[in-house]
Amino acid sequence: MQPTSTTQVPLLRSLGLSLAALLLGACASHGEQRTTPSTASADTDAASFPDPRKATLKEGLFVDVDTLRLFARGMSKRQLYALLGTPHFGEGMWGVREWNYLFNFRSSPGGDYFSCQFKVDFDGKGIAQAAYWKPQACAAVLDPPRPPAPPVPAPMPSEPLRLAADAMFAFDSAVLTPEGRRNVDALLQQVRDASRVQTIQVIGYTDRIGSDRYNLVLSQRRAEAVRDALVAGGVPAAAIVAEGRGKADPLVQCEQAQRKALIVCLAPNRRVELSGRALPR
């Protein structure tokens, strides 16, 4: 056997180191491989969870959902500790790659609650890389709350809304009094929110005292005064029709000979009526 030349020693040593590296790589390839998802909504199937019976808080902890929504990939362990507190399965601060929590949530205020496991994976520097839920359906607790359903507007009454003219105007006047404006304001919300209303009809009436022509004009002016007040309150002008009908359609019949008593008796006939015309279904 010829002695090994001095020039071959470095080459053999290099081959030996390469072979050792290959062997170590082969051994490592037979060990457990772990892939850390890069998003915070990773699939639960990619993560393993500890037995909840081994939690330090076996009853779980109620957590504020708005606080939990602040979690994000890239947080440090210190930040997560300040946000959610100590993990519930005895994990330490240093060296560990995951923290596990057992959280409780109520399905309704004061109602029954359900429990969810929440796990955070960290990289070697203690930076959160992904979060998992078990069961996966628990991830829905972080969904933004649904806005409350808008209230269903009440329909306009089938019978006309009657406003006593004496509570709206001075006698023989078409100018709304302060009390009359308050009465109109009380109806505004109902009129604005009325469902399925295409047009709002405002009809003015007078009593039978005076000429037909005068009463017709007065009733028209009163209907227009109420319409203008509704428009000023936010009701679209195009949706309102104002009409005066004078002494037509009386509600009461009076025969008092004395004028003052007759005016008092005929008060129900002096009125403004509001009714809505519904949209076709």
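Everything below is about the structure shown above.
Notes on the structure in this doc start here. (Residues numbered from 1 in each chain as written. Predicted model: local features only at pLDDT ≥ 70, side-chain atom pairs only at ≥ 80, totals over all residues. Heavy atoms only, no water.)

### Regarding the packing of aromatic side chains
Under the defined criterion, the tally for this structure stands at nine aromatic pairs. Summarising the aromatic geometry, the rings of tryptophan 99 and phenylalanine 122 are spaced 5.3 Å apart at their centres and angled 75 degrees between planes, so their arrangement reads as edge-to-face. In this pair, tryptophan 99 is assigned in strand 2 (residues 98-106) and phenylalanine 122 in strand 3 (residues 113-122), connecting sequence segments 23 residues apart. No difference in accessibility class separates tryptophan 99 from phenylalanine 122, as the two residues are buried. Each ring, one from phenylalanine 105 and one from tryptophan 133, has its centre 6.1 Å from the other, and the planes form 55 degrees; the classification is tilted. One end of the pair, phenylalanine 105, is in strand 2; the other, tryptophan 133, is in strand 4 (residues 128-134), and 28 residues separate them in sequence. Across the pair, tryptophan 133 and phenylalanine 105 agree in class, each one buried. In this structure an aromatic cluster arises from ring pairing among Phe71, Tyr101, Phe103, Phe105, Phe114, Phe118 and Trp133. Lysine 77 extends its terminal NZ or CZ atom over the ring of phenylalanine 122, reaching a point 5.1 Å from the ring centre. (Phe/Tyr/Trp six-rings, centres within 6.5 Å; stacked < 30°, edge-to-face > 60°. Helix = DSSP H or I, 4+ residues; strand = E, 2+ residues; numbered from the N terminus. Buried < 20%, exposed > 50% of the residue type's maximum accessible area, 1.4 Å probe, protein only. Lys NZ or Arg CZ within 6 Å of the ring centre and 35° of its normal.)

### Describing the pattern of salt bridges
Here the idea is simple: oppositely charged side chains can pair when their charged atoms come close. The full count for this structure, using the stated rule, is 12 salt bridges. Across the salt bridge formed by glutamate 98 and lysine 119, the nearest N and O atoms sit 3.3 Å from each other. Taken together, the positions of glutamate 98 in strand 2 and lysine 119 in strand 3 put the pair 21 residues apart, joining distant regions of the chain. Residue classification places lysine 119 among the buried residues on the basis of a relative accessible area of 2%. A salt bridge links arginine 271 to glutamate 273; the nearest nitrogen and oxygen atoms lie 2.8 Å apart. (Salt bridge = Lys/Arg side-chain N within 4 Å of Asp/Glu carboxyl O.)

### Let's talk about unusual backbone geometry
A cis amide bond links lysine 134 with the next residue in sequence, proline 135, at an omega value of -5 degrees. Along the chain, the position of proline 135 falls in the loop between strand 4 and strand 5 (161-164). With a phi angle near 50 degrees, aspartate 249 is a residue other than glycine that sits in the positive phi range. Position of aspartate 249 relative to the elements: it lies in the loop between strand 7 (240-244) and helix 6 (259-265).

### Considerations on the nonpolar core
Core analysis: the biggest nonpolar cluster contains 22 residues, and Met168, Phe169, Val202, Val226, Leu230, Val235 and Leu274 have the highest contact counts within it. At the level of elements, strand 5, helix 4 (178-193), strand 6 (197-205), helix 5 (212-232), strand 7 and strand 8 (271-278) are the ones that each hand at least two residues to this core. When residues no more than four places from it in sequence are discounted, the contact partners of leucine 230 are Val184, Leu188, Val202, Val235, Ile240 and Leu274. Core analysis: the next-biggest nonpolar cluster, separate from the first, contains 20 residues, Leu80, Phe103, Phe122 and Trp133 among them. (Core = buried A, V, L, I, M, F, W, Y, C linked by side-chain atoms within 4.5 Å. Contact = heavy atoms within 4.5 Å.)

### Description of helix 3 (residues 77-84)
Turning to helix 3, its buried residues number three or more, namely Lys77, Leu80, Leu83 and Leu84. End-on view of helix 3: buried residues confined to an arc of 125 degrees, all on one side of the axis. Opposite the packed face of helix 3, turned more than 90 degrees from it, sit the exposed residues Arg78 and Ala82. The elements touched by buried residues of helix 3 are helix 2 (65-68), strand 2 and strand 3. Downstream of helix 3 by one or two residues, glycine 85 has phi in the positive range, about 85 degrees. (Arc of directions from axis to C-beta.)

### Focus: the state of the cysteines
In the structure shown here, the tally under the stated rule is two disulfides. In this model cysteine 116 forms its disulfide with cysteine 138; the gap between the sulfur atoms is 2.0 Å. Across the S-S bond linking cysteine 116 and cysteine 138, the dihedral sits near -80 degrees, which makes this disulfide left-handed. Of this pair, cysteine 116 sits in strand 3 while cysteine 138 sits in the loop between strand 4 and strand 5, placing them 22 residues apart in sequence. Comparing cysteine 116 with cysteine 138, the two get one shared label, buried. Once the disulfide-bonded cysteines of the protein are ranked by sequence position, their pairing pattern turns out to be 1-2, 3-4. (Disulfide = S-S within 2.5 Å.)

### A short note on helix 5
With 21 residues, helix 5 extends 30 Å between its outermost C-alpha atoms, agreeing within 8% with the 30 Å of an ideal straight helix rising 1.5 Å per residue. Within helix 5 the residues assigned to the buried category are Asn215, Leu218, Ser219, Arg222, Ala223, Ala225, Val226, Ala229 and Leu230. Viewed along the axis of helix 5, the buried residues span an arc of 150 degrees, placing them on a single side of the element. Opposite the packed face of helix 5, turned more than 90 degrees from it, sit the exposed residues Arg213 and Ala232. Once helix 5 finishes, glycine 234 follows within two positions and takes phi at roughly 110 degrees, a positive value. (Expected span 1.5 Å × (residues − 1).)

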